[in-house]
Amino acid sequence: MAAAAGSDVLVVRLPSPSAEDPLHHDKKKLLEARKLSCTFQVPISSSPVEACKLLDRMIHAARVAHMDELELYFAGDDDYGPFSARNELESLNLLLKTINTLLGAANDGAKGVLQLLVDEIVVRLRSVGLTDKPQMALQTQNHETEDSLLKWGEQHGVKSKLQIAFFEGAGRGMLASEDIGVGDIALEIPESLIISEELLCQSDMFLALKDVNSITTETMLLLWSMRERHNPSSKFKMFFETLPSNFNTGLSFGIDALAALEGTLLFDELMQARQHLRQQYDELFPMLSTKFPEIFKQDIFSWDNFLWACELWYSNSMMVALSSGKLTTCLIPVAGLMNHSVTPHILNYGRVDQATKSLKFPLSRPCEVGAQCFLSYGKHPGSHLITFYGFLPREDNPYDVIPLDLDTSVHEEDETAQSVSTSVTTHMVRGTWLCRSQGPPTYGLPPPLLSHLRAALNCEHSESTPEADIKENDRMVLETLISIFTPMLEGLGEPDDYNRESASWDVVLALDYKELQRRIITSIVTSCGSGLAMLDF
């Protein structure tokens, strides 16, 4: 919210962290430690330099308000952000909305400084993602099939400022067909085209299955998709015809790719996921084909088709609040063509507009004509994206963390330091290149992890601890971390000498993931070694 106070000063009020936010205590504590407020006085006579300094403080406060648990965990005391692209986009969009509201009601004297703030926020929004490696569109690829899907959608009410293209290493995606600004709607899908459980409830399959115990709505949608894919009179015939015959996710990894992953957490995740799906299928078939032979024909409801439907829903579904108010997992024709990015253009898109009965995809940062328009699939690590989507992001992913199974029974609460006091049950690390402070007291490592180890090793610091003791204590902590991570690095083995040019897609993806794990762990060991070297001076 924004309000004016007097003729010479404007008051900009940002929402304080909600008391209902499970991270409320930590965010409030962080704001106080950094002497930040959610209320700012802006003199209308501010020069551009003065206005930008005020804007920096507003952004710092907004970043704290939008921090998630992982960002709180890794943020050091002297780290003011940006913490992630998601956090930055949320923060800047909040400020843009707040100041635009004030600008709309401002007098002529106040409009100058407010417009200056708006222009600067837009500049900063444009800078998000500028360092990403661009993916070049392959204009020579034939995408008549995909274009026909877009035309089919437009005939059924889809509105789009995007067009379909193919991208090296990413397959299908969508380009901006014109310049699209912050807040503009890149894509609008009528609710009538959304595939959800409301469609399922109208089918004979639902009537047959609703009394069968242990079959969830999600499983029913899988089964509905398997049959609808082969239904020549389906309303969604065009949608199903343009879907790939293979989704190439981690669930389809072959033996060579799994072998390349041995020794990683992803190997265990994939094996468990595949086992779960196979068990689920065996519980359904041939039981359903025997009980309802006309609905569940054996040639359609095979294991391969079941896996295809699972990969379809894992890789293309979105959580949407329908106009009925129900939050449910849905398939969104056309929208599913957009690719994910750690620095997306479209961040918030999960609610059907009650007035237009359509799902809108507004931009959180600008997208120029001819650029690929990215969607956020969520805050996922690479292991999840490989398993359910079949890719690794090209950019540094702040959610690529390695969890540590440490004894957390040690009492770690310290009233003088920031603590994440919510649902963190384990400690974690990520690439230390993401940390802006490589020296003491954190050495590029997460503060809560260091606090835990200092408590566990009985070498905690206080204001009265002599400098020599602090150095010795830090030496113990860093040596402990090296003793934890060196065996993990050795367990990954030497970099594989596969010829990636001739290797299959799944082997290449497995090797890319393993190399990412090696890079993260190497950065931890290197940071600890550098820290020990600092202690020797």
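Residues numbered from 1 in each chain as written. Predicted model: local features only at pLDDT ≥ 70, side-chain atom pairs only at ≥ 80, totals over all residues. Heavy atoms only, no water.

S.K.: Explain helix α5 (residues 108–127) residue by residue, including any values.
M.R.: Taking 1.5 Å as the rise per residue, α5 with 20 residues should run 28 Å; its terminal C-alpha atoms sit 30 Å apart, in good agreement. The set of residues buried in α5 consists of Ala 110, Val 113, Leu 114, Leu 117, Val 118, Ile 121 and Leu 125. Of the residues flanking the start of α5, the one acting as N-cap is Asn 107, its side-chain oxygen 3.1 Å from the backbone nitrogen of Gly 109. (Helix = DSSP H or I, 4+ residues; strand = E, 2+ residues; numbered from the N terminus. Expected span 1.5 Å × (residues − 1). Buried < 20%, exposed > 50% of the residue type's maximum accessible area, 1.4 Å probe, protein only. Polar contact = N/O pair within 3.5 Å; in protein donor to acceptor, adjacent residues only side chain to side chain.)

S.K.: Give me the domain arrangement of the protein: which residues, what numbers.
M.R.: Frequently, the measure chosen for interface size is the accessible area removed from exposure when the parts meet. Structurally, the protein comprises domain 1 (9–127), domain 2 (138–389) and domain 3 (427–536). With centres defined by C-alpha atoms, the gap from domain 1 to domain 3 works out at 33 Å. The interface is formed by 10 residues belonging to domain 1 together with 10 residues belonging to domain 3. At the boundary of domain 1 and domain 3, one finds 1 salt bridge. If you look at where domain 1 meets domain 3, you find 4 residue pairs in polar contact (both at pLDDT 80 or more). Its residues assigned to classes, the side of domain 1 that touches domain 3 comprises 6 nonpolar, 2 polar and 2 charged. (Domains from an automatic or database assignment. Contact = heavy atoms within 4.5 Å. Salt bridge = Lys/Arg side-chain N within 4 Å of Asp/Glu carboxyl O. Nonpolar A, V, L, I, M, F, W, Y, C, P; charged D, E, K, R; others polar.)

S.K.: Please set out the UniProt feature "domain: Rubisco LSMT substrate-binding" (unreviewed entry) in the protein residue by residue, giving values where relevant.
M.R.: Under the UniProt annotation, "domain: Rubisco LSMT substrate-binding" (unreviewed entry) lies at residues 19–105. Secondary structure within residues 19–105 divides into 62% helix and 6% strand; the distance between the first and last C-alpha atoms comes to 30 Å. (UniProt positions renumbered as here; feature names shortened; annotations may be inferred.)

S.K.: Describe in detail unusual backbone geometry, supporting the description with residues and values.
M.R.: The omega torsion across Phe 285 and Pro 286 is 15 degrees, close enough to zero to call that bond cis. Within the fold, Pro 286 resides in the loop between α12 (265–284) and α13 (287–291). Backbone torsion omega between Pro 440 and Pro 441 reads 10 degrees, so that peptide bond is classified as cis. One non-glycine residue, Lys 35, adopts positive backbone phi at about 55 degrees. As for its placement among the helices and strands, Lys 35 is situated in the loop between α1 (24–33) and β3 (39–43). With a phi angle near 55 degrees, Lys 357 is a residue other than glycine that sits in the positive phi range. Here Lys 357 lies in the loop between β10 (352–353) and β11 (358–362). Of the residues examined, Lys 357 reaches a relative accessible area of 39% and is grouped as partly exposed.

S.K.: Account for the sheet that holds strand β4 (residues 159–160), with residues named and values stated.
M.R.: Pairing is antiparallel across the open sheet formed by 4 strands, whose spatial order is β4-β7-β11-β10. At either end of the open sheet lies a strand with only one pairing partner, and these are β4 and β10. With 5 bridges joining them, strand β7 (residues 185–190) and β11 adopt antiparallel strand pairing. Note on β11: the bridge partner recorded for Leu 187 is Phe 361. (Pairing = 2+ DSSP bridges.)

S.K.: Before we move on, can you summarise the pattern of salt bridges with the specific residues and values?
M.R.: Pairing is possible between side chains of opposite charge, provided their charged atoms come close. Summed over the entire model, instances satisfying the criterion amount to 20 salt bridges. Across the pair Arg 519 and Asp 396 runs a salt bridge whose closest N-O atoms are separated by 3.5 Å. With Arg 519 in helix α18 (residues 505–535) and Asp 396 in the loop between α15 (382–388) and β12 (402–404), the pair connects residues that are 123 residues apart, well separated along the chain. For Asp 396, a relative accessible area of 39% gives the class partly exposed. Several salt bridges converge on common partners, so that one network encompasses Asp 68, Glu 71, Arg 86 and Lys 379.

S.K.: Explain the packing of aromatic side chains to me, and be specific about the residues and the numbers.
M.R.: The full count for this structure, using the stated rule, is 20 aromatic pairs. Taken together, the aromatic side chains of Tyr 281, Phe 285, Phe 292, Phe 296, Phe 301, Trp 303 and Phe 306 make up a single cluster linked through ring pairs. Directly above the aromatic system of Tyr 80 lies the positively charged group of Arg 34, at a separation of 4.7 Å from the ring centroid. Residue placement shows Arg 278 over the ring face of Trp 303; its charged tip is 4.6 Å from the ring centre. (Phe/Tyr/Trp six-rings, centres within 6.5 Å; stacked < 30°, edge-to-face > 60°. Lys NZ or Arg CZ within 6 Å of the ring centre and 35° of its normal.)

S.K.: So what's going on with the packing of helix α4 (residues 85–104) against α5? Which residues, and what values?
M.R.: Describing two packed helices takes the angle between their axes plus the distance from one axis to the other. Taken N-terminus to C-terminus, the directions of α4 and α5 make an angle of 160 degrees; their axes are 10 Å apart at the nearest point. The angle between α4 and α5 places the two elements in the roughly antiparallel class. Seen along the crossing, α4 lies across α5 with a hand that is left-handed. Residues Leu 89, Leu 92, Asn 93, Leu 95, Leu 96, Ile 99, Asn 100, Leu 102 and Leu 103 of α4 form the contact with α5, whose participating residues are Lys 111, Leu 114, Gln 115, Leu 117, Val 118, Ile 121, Val 122, Arg 124 and Leu 125. (Axes fitted to C-alpha atoms, helices over the stretch in contact; angles between N-to-C directions. Parallel < 35°, antiparallel > 145°, perpendicular 65-115°, else oblique. Left-handed = near helix turned anticlockwise from the far one by under 90°.)

S.K.: How would you summarise the nonpolar core if you had to cite specific residues and measurements?
M.R.: Counting residues in each nonpolar core, the largest one holds 74 residues, and the members touching the most others are Leu 223, Phe 296, Ile 332 and Phe 361. The dominant element in this core, judged by the number of residues it contributes, is helix α14 (residues 303–316), at 7 residues. Apart from residues lying up to four places away in sequence, Phe 296 is in contact with Met 205, Leu 209, Leu 223, Phe 285, Leu 288, Ser 289 and Phe 301. In this structure, Tyr 399, Cys 459, Val 477 and Ile 521 belong to the second largest nonpolar core, which totals 41 residues. (Core = buried A, V, L, I, M, F, W, Y, C linked by side-chain atoms within 4.5 Å.)

S.K.: Report on the confidence of the model for the protein, specifying residues and quantitative values.
M.R.: Within the protein, residue pLDDT values average 90, and 93% of them lie at 70 or more. Within the model, the stretch residues 1–5 combines pLDDT values under 50 with 19 contacts to residues more than four positions away or in other chains. Ignoring residues within four places in sequence, the model shows residues 410–424, a span with pLDDT below 50, making 30 contacts including any to other chains. (pLDDT = per-residue confidence, 0-100.)

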